[in-house]
Amino acid sequence: MQPGGVKNSMRSFFTQPHPVIVSAVLVISCLMMWYSGSVLKQYVQPTGLDDVDLKKGTVQSVVHQSSDYNDLVRRTITVQTLKVQAGDQTYEVSNDIAPVSSGASVYIAYDTNNETYSVVQLSRAQPSLYLLIAFFVIVLLVTGLSGLRSLVGLMWSAGVLASYTIPGLLAGTNPVQVGIISAMVILLVSMYVSHGVNKKTIAALTGLSVTLTVVAILASLTARAFHFTGVAGEESFLLQGVSAVSIDYVGLLIAGIIIAGVGVLDDIALTQSSTVFALAESAEHLKGGQLFKKAMQVGHDHISAVVNTLIMAYVGAALPLIMLMVISGQGTVMALNNEIVAQEIVRTIVSSIGLVLAVPLTTALATMLVGKGEFNSSDRDEHSSIAKHF
């Protein structure tokens with residue numbers, strides 16, 4: 001092989017997602033998730049349910065079923081009597097959680113009040129697995145090899161969260177520190193796996209790093225300005241009661257904002273960087289300020305769409321809370337003073353500010369980098385399809 005060929009091969013090894021490294025990332029991700037199981041066990045605390053005789057079984061038949069309107073909760077409740085096979089025994093159990101049919105998997109336990117077995121939880125593992133498989137199949141069918149690399153990046157994100165982020169938070173480590181490190185480790189590896197190391201990803205990653213820093217600072221300032229306690233929600237309140245270590249719940253709120261922002265910021269930064277390089281390739285006369293202005297036209301549309309999506313996502317998740325505020329008769333000011341509502345407002349606005357800042361910052365960085373040297377093969381291949389649209 002000629003010296004130039006060796007140089008190009010080495011360059012391609014880093015500028016494009018190499019199958020060897022992508023496979024290694026997948027294996028490491030699986031090992032991290034496997035390892036996290038033993039790590040997380042040390043944080044399990046007694047809940048008072050250790051002596052409960054919990055059994056998993058399969059519904060053999062529905063013996064009896066009745067439905068009545070409950071005035072207290074204002075909805076119809078269905079009560080079933082089921083025959084459930086658990087191990088080598090069959091139990092007659094009561095179920096008032098949700099109607100099930102034969103073949104459903106349920107968890108049952110002995111009810112000391114009624115001196116009988118009852119359903120305490122429905123098994124949702126199987127439908128969850130089917131949904132996950134459907135997601136993987138659709139991604140692969142639509143995006144092919146690039147989709148496969150994206151799924152490997154998703155596995156890496158899950159591995160980092162399971163083996164580092166959650167254990168770190170449960171150990172009482174500074175949540176903001178844990179959130180920032182988690183975000184950067186996830187971004188560094190997942191960006192290489194999906195796109196390789198090239199000028200486009202360098203611009204996007206640099207823009208993301210600066211933007212995440214701004215988001216972290218802004219979230220810290222607003223959380224303290226709003227005098228958040230971090231334990232207004234039910235989950236944080238319960239965590240406070242069972243955690244074996246002292247946790248900074250305000251910091252936990254900030255870390256949540258940082259980690260939640262990674263996915264959306266990743267999308268918008270990478271898209272803007274790709275737009276700049278695609279425009280530069282398709283319209284070589286565009287330079288400097290002209291290229292920046294043209295790319296920002298796309299960025300303005302992207303900001304509008306993503307910010308609206310972000311706000312609607314938060315509103316959708318908070319619909320029951322919004323309805324509760326309306327029913328309770330609280331005025332607008334009192335509703336906004338509620339910490340749970342204020343937290344959602346801060347999450348939305350801080351994340352939206354990060355999105356807005358990421359667009360011009362990444363566009364400017366990509367504009368500066370696009371003029372330094374010729375396109376390498378990785379840049380050209382990735383942007384040729386995008387360039388056709390301009």
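Residues numbered from 1 in each chain as written. Predicted model: local features only at pLDDT ≥ 70, side-chain atom pairs only at ≥ 80, totals over all residues. Heavy atoms only, no water.

**Observations concerning the overall build of the protein chain**
In terms of helices and strands, the protein chain carries 13 helices and five strands. Burial status across the protein chain gives 37% buried among its 390 residues. Considering only contacts in the protein chain between residues 6 or more positions apart, those separated by 24 or more positions represent 69%. Of the roughly 22,000 Å² of accessible surface on the protein chain, a fraction of 64% belongs to carbon and sulfur atoms. (Helix = DSSP H or I, 4+ residues; strand = E, 2+ residues; numbered from the N terminus. Buried < 20%, exposed > 50% of the residue type's maximum accessible area, 1.4 Å probe, protein only. Contact = heavy atoms within 4.5 Å. Areas by Shrake-Rupley, 256 points an atom, 1.4 Å probe, with all protein chains shown as cover.)

**Side note on the confidence of the model for the protein chain**
Reading fine detail from the predicted coordinates is not recommended where pLDDT is low. Mean pLDDT over the protein chain stands at 81; residues scoring 70 or higher make up 88%. Low pLDDT, under 50, characterises residues 374-390; the predicted model gives this stretch 37 contacts beyond four residues in sequence or across chains. (pLDDT = per-residue confidence, 0-100.)

**As for the sheet that holds strand β3 (residues 89-95)**
Reading around the barrel, the five strands line up as β1-β2-β3-β5-β4 and close back on themselves, with mixed pairing between neighbours. With strand direction ignored, the average angle separating the axes of adjacent strands in the sheet is 45°. Examined bridge by bridge, strand β1 (residues 55-70) and strand β2 (residues 75-86) share eleven bridges and lie antiparallel to one another. Each bridged residue has a counterpart across the sheet, and for Ser 61 the counterpart in β2 is Lys 83. (Pairing = 2+ DSSP bridges. Axes fitted to C-alpha atoms, helices over the stretch in contact; angles between N-to-C directions.)

**Some thoughts on the pairing of β1**
Pairing analysis gives four bridges linking β1 to strand β4 (residues 105-111), with the strands arranged antiparallel. Its bridge partner lying in β4, Thr 58 is registered against Ser 105. Counted along the chain from β1 to the antiparallel partner β2, the turn is four residues long, and its residue Arg 74 has a positive phi close to 55°.

**So, the pattern of salt bridges**
Should their charged atoms come close, side chains of opposite charge can pair. The tally for this structure, following the rule as stated, stands at one salt bridge. Residue Arg 347 is joined to Glu 344 by a salt bridge in which the shortest nitrogen-to-oxygen separation is 3.5 Å. With Arg 347 and Glu 344 both in helix α12 (residues 339-370) and three residues apart, the pair spans about one turn of that helix. By relative accessible area, Glu 344 is classed as partly exposed at 24%. (Salt bridge = Lys/Arg side-chain N within 4 Å of Asp/Glu carboxyl O.)

**Concerning the packing of helix α3 (residues 125-143) against helix α4 (residues 145-170)**
In the contact formed by α3 and α4, the axes pass within 6 Å of each other and the chain directions differ by 140°. In terms of orientation, α3 lies oblique with respect to α4. Counting all contacts with α3, which are made through Phe 135, Phe 136, Val 139, Leu 140 and Thr 143, the residues of α4 involved are Leu 145, Ser 146, Gly 147, Leu 148, Leu 151 and Leu 154. Here the contact of α3 with α4 is built from residues that sort into eight nonpolar, three polar and no charged. (Parallel < 35°, antiparallel > 145°, perpendicular 65-115°, else oblique. Nonpolar A, V, L, I, M, F, W, Y, C, P; charged D, E, K, R; others polar.)

**Notes on helix α8 (residues 249-282)**
Spanning 34 residues, α8 covers 50 Å between terminal C-alpha atoms, matching the ideal 50 Å at 1.5 Å per step. Burial of α8 is extensive: 24 of the 34 residues sit out of reach of the surface. A side-chain oxygen of the first residue of α8 lies 3.3 Å from the backbone nitrogen of Val 250; this N-cap is Asp 248. (Expected span 1.5 Å × (residues − 1). Polar contact = N/O pair within 3.5 Å; in protein donor to acceptor, adjacent residues only side chain to side chain.)

**Some remarks on the side chain of Ser 182**
Along the chain, the position of Ser 182 falls in helix α5 (residues 175-195). Those residues in contact with Ser 182, other than ones at most four positions away along the chain, are Val 160, Tyr 164 and Thr 165.

**Thoughts on the layout of surface pockets**
Its boundaries defined by the atoms lining it, the largest pocket holds a volume of some 600 Å³. The wall of the largest pocket is formed by 22 residues, among which Ser 150, Ser 190, Ser 194, Gly 263 and Asp 266 lie closest to the centre. Among the secondary structure elements, those contributing two or more residues to the lining of the largest pocket are α3, α4, α5 and α8. The dominant element in the lining of the largest pocket, judged by the number of residues it contributes, is α4, at eight residues. Its residues assigned to classes, the lining of the largest pocket shows ten nonpolar, nine polar and three charged. Each pocket or cavity is described by its volume, and for the second largest pocket that value is around 480 Å³. Where the lining of the second largest pocket is concerned, the elements lending two or more residues are α7 (234-242), α8 and α12. Broken down by element, the lining of the second largest pocket gets its largest block of residues, six residues, from α8. Its residues placed into classes, the lining of the second largest pocket shows ten nonpolar, five polar and four charged. (1 Å grid on protein atoms, 1.4 Å probe; cavity = no way out; pocket = protein on both sides within 12 Å on 5 of 7 lines; lining within 4 Å. Points joined across faces, edges and corners; volume = space filled by probe spheres on them.)

**Points about α4**
Helix length check: α4, at 26 residues, gives a terminal C-alpha distance of 37 Å against a target of 38 Å (1.5 Å per residue), a fit within 8%. Roughly 40° is the biggest bend found in α4, and it falls at Leu 161. Phi turns positive, to about 90°, at Gly 172, one or two residues after α4. (Bend = angle between axes of the 7 residues up to and from the residue.)

**Describing the environment of Met 325**
By secondary structure assignment, the location of Met 325 is in helix α10 (residues 319-327). Using a relative accessible area of 10% as the deciding quantity, one classes Met 325 as buried. Measuring from C-alpha to C-alpha, the distance between Met 325 and Leu 336 comes to 9.7 Å, with eleven residues separating the pair along the chain.

**Remarks on unusual backbone geometry**
A positive phi angle, near 55°, is found at His 227, a position not held by glycine. Assignment of secondary structure puts His 227 in the loop between α6 (199-225) and α7.

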